[in-house]
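Structural description and commentary
What follows is each chain in one-letter form.
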Amino acid sequence: MSGEEEENAAELKISDEFLKAKCLMNCEVALILEHKYEQLQQMSEDPMNQISQVFEKSLQYVKRFSRYKNPDAVRQVREILSRYQLAEFELSVLGNLCPETVEEALAMVPSIKTRGRAHDDDAIEKMLNDLSLIKKFE
């Protein structure tokens, strides 16, 4: 992307570095931090080896705002969203915010319709229904 063009996430006009970056949903970050937290607890029998407050606050945050708690559900969400050829940040936004209607999804991530992909309202609705089934059976 040239320096003269203005970035616009709604039209997916963002830097190549950001487009290629791996984005994680809050639920994925929570799984990673929980695993690390368990490792740190096992290693920190020494009272001087305490877990940082920033780490604990970060873990609390992602756990609080994670829509999916079960590791299998987290994997299924990424698999479902990956089928729709979404950019990483689009996938993360939809996985984090869990819109219930096509209108909500388009308001949150307008680029899913404007990027020249064949995502009509029916395809978006099917994607949202698949996500809601995972949440329902979690």
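Model, not experiment: these values are computed from the prediction. (Residues numbered from 1 in each chain as written. Predicted model: local features only at pLDDT ≥ 70, side-chain atom pairs only at ≥ 80, totals over all residues. Heavy atoms only, no water.)

Focus on the pattern of salt bridges
Tallied over the entire structure, the rule returns nine salt bridges. For K63, the salt bridge is made with E34, and the minimal N-O distance between the two is 3.6 Å. Of this pair, K63 sits in helix α3 (residues 53-64) while E34 sits in helix α2 (residues 26-43); the two residues are 29 residues apart in sequence, bridging distant segments of the chain. Take E34: its relative accessible area is 28%, and that puts it in the partly exposed class. Between D72 and R75 there is a salt bridge whose closest N-O contact spans 3.9 Å. Taken together, the positions of D72 and R75, both in helix α4 (residues 71-82) and three residues apart, correspond to about one turn of that helix. With a relative accessible area of 46%, D72 lands in the partly exposed category. The class of R75 is partly exposed, set by a relative accessible area of 42%. (Salt bridge = Lys/Arg side-chain N within 4 Å of Asp/Glu carboxyl O. Helix = DSSP H or I, 4+ residues; strand = E, 2+ residues; numbered from the N terminus. Buried < 20%, exposed > 50% of the residue type's maximum accessible area, 1.4 Å probe, protein only.)

Regarding the environment of Y61
Inspection of the secondary structure assignment puts Y61 in helix α3. For the pair Y61 and N26, spaced 35 residues apart in sequence, the C-alpha to C-alpha distance is 8.7 Å.

Focus on unusual backbone geometry
Even without being glycine, Q85 reaches a positive phi, approximately 50°. Of note, Q85 is situated in the loop between α4 and α5 (88-97). Note on Q85: relative accessible area 57%, which makes it exposed. In the Ramachandran plot, C98 falls in the positive-phi region, its phi being about 50° despite a non-glycine side chain.

A few points about a negative patch on the surface
A cluster of acidic side chains, namely E100, E103, E104, D120, D122 and E125, defines a negative patch on the protein surface. Put simply, the parts of the chain that give the negative patch at least two residues each are α6 (102-108) and α8 (121-136). Here D122 shows up in helix α8. Judged by its relative accessible area of 59%, D122 falls in the exposed class. (Patch = residues over 30% accessible without salt bridge, like charges linked within 9 Å, V, L, I, M, F, W, Y side chains within 5 Å. Areas by Shrake-Rupley, 256 points an atom, 1.4 Å probe, with all protein chains shown as cover. Lys, Arg positive; Asp, Glu negative; His and termini not counted. Charge placed at Lys NZ, Arg CZ, Asp CG, Glu CD.)

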